[in-house]
Amino acid sequence: MTAVTQPPSQPKPVTDLSRDDARRLALRAQGLLGAPDRRAGVRGMLRRLGAVQLDTISVLARSHELVPYARLGAVGRPAVEAAYWADAHSFEYWSHAACILPIEEWPHFAFRRRARRAKGHRWHVMEDSARSCAAVLDRLKADGPLTTTELGGGRKGGEWWDWSETKIAVEWLLDTGEVVCTRRRAWKRVYDLAERAVPAELLHDDLADAECLRRLVAQAGAALGVATRADLADYHRLKAEQVDAVIADSGLVPVEVEGWGKAAWADPAALAAPPRGRHRTTLLSPFDSLIWDRPRTERVFGFTHRLEAYVPRPQRIHGYFAMPLLTGGRLRGRVDPAREGSTLVARQVSMDGRSAVAPMAQALREAAAWVGCDAVRVERCDDPALAAALRTELDRRQPAG
């Protein structure tokens, strides 16, 4: 076993975990091991994960829809949207990236809102901050909730980053907490006044930075199961020193994980009950929180994950939106999907051996059915023998037509 490098103040580990222990703890913490909690549904999943990332790319579906699909199965896409946004259940803010967050976490992002205010501006600087912000607030008070377009337009007319004064103002107000994104409409943020969108008992920035950070580190630890300091920091994009300042009071306990070579912490509730149950076979969004952090994904699963959507086409290895295959608690392949009419097209597939063929076929069929496709076609595979086996498996299971 590799020795763990610990700072002098690191407490003695309460237990040793094998690599498989850590992997199973991570899967259960993310809702991908054991029976899915269908009664809690999408809202329960959001509370469990603490954050669900949003992204503009939509292939089979948008990423925030793929995350509950991976855990709960074929939840209807309108039901997913309603679960996120109805009844002031959540809000959008900066966590790991732009994320949907449970509304009860609003007070715990006070530290970030204060930091934005202290900075005084975001990427863009307003020509007349007081006037522009007042105009946005007045419009939202009178006519909100509104999109940027309804407020007057997001761009001056140039490139996408050439924002209008109104767009800069409303995003600044979002950063600092006077305005809340209450949902997305045609992928545009819908803004409202915080006093209208956030329940009164939560609408405050009273919590000190240390209390906010303790909560977010503890929440990240519960959502990860077992984690290094870097893992904990990455989950809500905290700084390493912020994690260090609160880890001792977070409720997480120090553990030693085989092969990690780094100090680690675990959720004591996760340690109290060995992870058991059925493993989900599914395709994961590249933005799924199970695989947010590349070094962690390699450490936990021995799997190198990279989003290639922004890589020039000739340099892509696995495809534009390669979705990892999770099966048997391991990452066993990838597929770059697309839709052509009622056919799900696997534009590029790779699999970890013959035993991954049947799970890949199952995952493709289930994903196709979820998005309303009745056939699957495989275009390319990096192994001709596995490609033939996958096509045979799909033909054997698909209805003749």
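Residues numbered from 1 in each chain as written. Predicted model: local features only at pLDDT ≥ 70, side-chain atom pairs only at ≥ 80, totals over all residues. Heavy atoms only, no water.

**Quick look at helix 6 (residues 129–143)**
We apply this condition: Numbering of helices and strands runs from the N terminus; a helix is a DSSP stretch of H or I covering at least four residues, while a strand is a stretch of E covering at least two. The span one expects for a helix is its residue count, reduced by one, times 1.5 Å. Burial here depends on accessible area, computed with a 1.4 Å probe over protein chains only, as a share of the maximum for the residue type. Under 20% is buried, over 50% is exposed, and the range in between is partly exposed. In this description, one arc is meant: the one made by directions from the helix axis to the C-beta atoms. It only takes one pair of heavy atoms within 4.5 Å for two residues to be counted as in contact.
With 15 residues, helix 6 should cover 21 Å at 1.5 Å per step; its first-to-last C-alpha distance of 21 Å lies within 8% of that length. Within the sequence span of helix 6, burial applies to Ser132, Cys133, Val136 and Leu140. What you see down the axis of helix 6 is that its buried residues fit within an arc of 95 degrees, all on one side. The exposed residues of helix 6 that point more than 90 degrees off its buried face are Ala130, Arg131, Asp138, Lys141 and Ala142. Buried positions along helix 6 lie against helix 7 (148–151), helix 8 (165–176), strand 5 (179–185), strand 6 (188–193) and helix 9 (194–197).

**Quick word on the sheet that holds strand 14 (residues 375–378)**
Cut-off, in case you're wondering: Strand pairing follows a simple DSSP-based rule, namely that at least 2 bridges must link the two strands.
Here we have five strands laid out as an open sheet, ordered 10-11-12-13-14, and mixed in their pairing. Each edge of the open sheet carries a strand with a single partner, namely strand 10 (282–283) and strand 14. Bridge count between strand 10 and strand 11 (residues 323–327): two bridges; the pairing is antiparallel. For Thr282, the partnering residue across the bridge sits in strand 11 and is Leu326.

**Digging into the packing of aromatic side chains**
Here is the rule we go by: The pairing test for Phe, Tyr and Trp rings, Trp by its six-membered ring, is centres within 6.5 Å, and the orientation test on the planes gives stacked under 30 degrees, edge-to-face over 60, and tilted for anything in between. In our convention, an over-ring charge means Lys NZ or Arg CZ found within 6 Å of a ring centre and within 35 degrees of that ring's normal.
By the definition in use, this model includes six aromatic pairs. Summarising the aromatic geometry, the rings of Tyr69 and Trp370 are spaced 4.3 Å apart at their centres and angled 15 degrees between planes, so their arrangement reads as stacked. Here Tyr69 is found in helix 3 (residues 63–72), whereas its partner Trp370 is found in helix 15 (residues 357–370), with 301 residues between them in sequence. Here the aromatic rings of Phe287 and Phe321 are separated by 6.3 Å at their centres, their planes lie at 50 degrees, and the arrangement is tilted. Here Phe287, found in the loop between strand 10 and helix 14 (294–301), pairs with Phe321, found in the loop between helix 14 and strand 11; they are 34 residues apart in sequence, far enough to count as distant. Phe321 matches Phe287 in its accessibility class, with the two residues each being buried. Cluster of aromatic residues (ring-pair linked, three or more members): Tyr93, Phe109 and Phe111. Over the ring of Trp187 we find Arg184; its NZ or CZ atom is 4.4 Å from the centre of that ring. The ring of Trp260 carries the charged tip of Arg299 above its face, separated from the ring centre by 4.7 Å.

**Some points on the nonpolar core**
Note the threshold: Nonpolar cores were defined as sets of buried Ala, Val, Leu, Ile, Met, Phe, Trp, Tyr and Cys residues, with membership established by side-chain atoms within 4.5 Å.
Counting 51 residues, the largest nonpolar core has Tyr84, Phe91, Val217 and Leu232 as its most contacted members. In this structure Val217 touches Leu232, Leu238, Val243, Val246, Ile247, Ser250 and Leu252, once residues within four positions along its chain are discounted.

**Points about the pairing of strand 3 (residues 90–94)**
Most of strand 3 sits inside the fold, with five of its five residues counted as buried. As paired elements, strand 3 and strand 4 (residues 98–102) share five bridges and run antiparallel to each other. Looking at strand 4, one finds that Ser90 is bridged to Pro102. Linking two consecutive strands that pair antiparallel, namely strand 3 and strand 4, is a turn of three residues.

**Considerations on the pattern of salt bridges**
Cut-off, in case you're wondering: For this analysis, a salt bridge means a side-chain nitrogen from Lys or Arg found within 4 Å of a carboxyl oxygen belonging to Asp or Glu.
Here the structure, examined in full by the defined rule, presents 30 salt bridges. In this structure, Asp20 engages Arg23 in a salt bridge whose closest nitrogen and oxygen atoms are separated by 3.2 Å. Taken together, the residues span about one helical turn, with Asp20 and Arg23 both in helix 1 (residues 19–29) at a distance of three residues. Look at Arg23 and you get buried, because its relative accessible area is 5%. With a closest N to O distance of 3.4 Å, Asp20 and Arg330 form a salt bridge. On the criterion of sequence distance, the pair formed by Asp20 in helix 1 and Arg330 in strand 12 (residues 330–340) is long-range, its members being 310 residues apart. The class of Asp20 is partly exposed, set by a relative accessible area of 30%. Exposure remark for Arg330: the relative accessible area of 39% places this residue in the partly exposed category.

**A look at the packing of helix 5 (residues 110–119) against helix 8**
For any two helices packed against each other, the geometry comes down to the angle between their axes and how far apart the axes lie. Filter applied, for reference: Simply put, an axis is a line fit to the C-alpha atoms, just over the touching stretch for a helix, and the angle between two N-to-C directions goes from 0 to 180 degrees. Roughly parallel here means an angle under 35 degrees, roughly antiparallel means over 145, roughly perpendicular means 65 to 115, and every remaining angle is called oblique. We call Asp, Glu, Lys and Arg charged. Ala, Val, Leu, Ile, Met, Phe, Trp, Tyr, Cys and Pro are nonpolar, and the rest, Gly among them, are polar.
In the contact formed by helix 5 and helix 8, the axes pass within 7 Å of each other and the chain directions differ by 135 degrees. Put simply, helix 5 runs oblique to helix 8. Here helix 5 contributes Arg113, Arg116 and Arg117 to the contact with helix 8, which in turn contributes Trp172, Asp175 and Thr176. Partitioned by chemical class, the residues of the contact of helix 5 with helix 8 number one nonpolar, one polar and four charged.

**Quick notes on the environment of Ala361**
Of note, Ala361 is situated in helix 15. Judged by relative accessible area, Ala361 falls into the buried class, the value being 0%. Expressed as a C-alpha distance, the spacing of Ala361 and Arg391, which sit 30 residues apart in the sequence, is 8.3 Å. Apart from residues no more than four positions distant in its own chain, Ala361 is found in contact with Leu390, Glu393 and Leu394.

**Some points on the packing of helix 1 against helix 14**
At their nearest, the axes of helix 1 and helix 14 sit 9 Å apart, and the two run at 125 degrees to each other. Judged by the angle between their axes, helix 1 and helix 14 are oblique. Residues Arg23, Ala26 and Leu27 of helix 1 lie in contact with helix 14, whose contacting residues are Arg296, Val300 and Phe301. Here the contact of helix 1 with helix 14 is composed, by residue class, of four nonpolar, no polar and two charged.

**Focus on unusual backbone geometry**
In this structure, the amide linkage connecting Gly144 to the following residue, Pro145, adopts the cis form with an omega of 0 degrees. For Pro145, the location among the structural elements is in the loop between helix 6 and helix 7. Positive phi outside glycine occurs at Asp87, with the angle close to 60 degrees. Residues other than glycine seldom take positive phi values, yet Ala88 does so here, at roughly 50 degrees. As for its placement among the helices and strands, Ala88 is situated in the loop between helix 4 (77–85) and strand 3.

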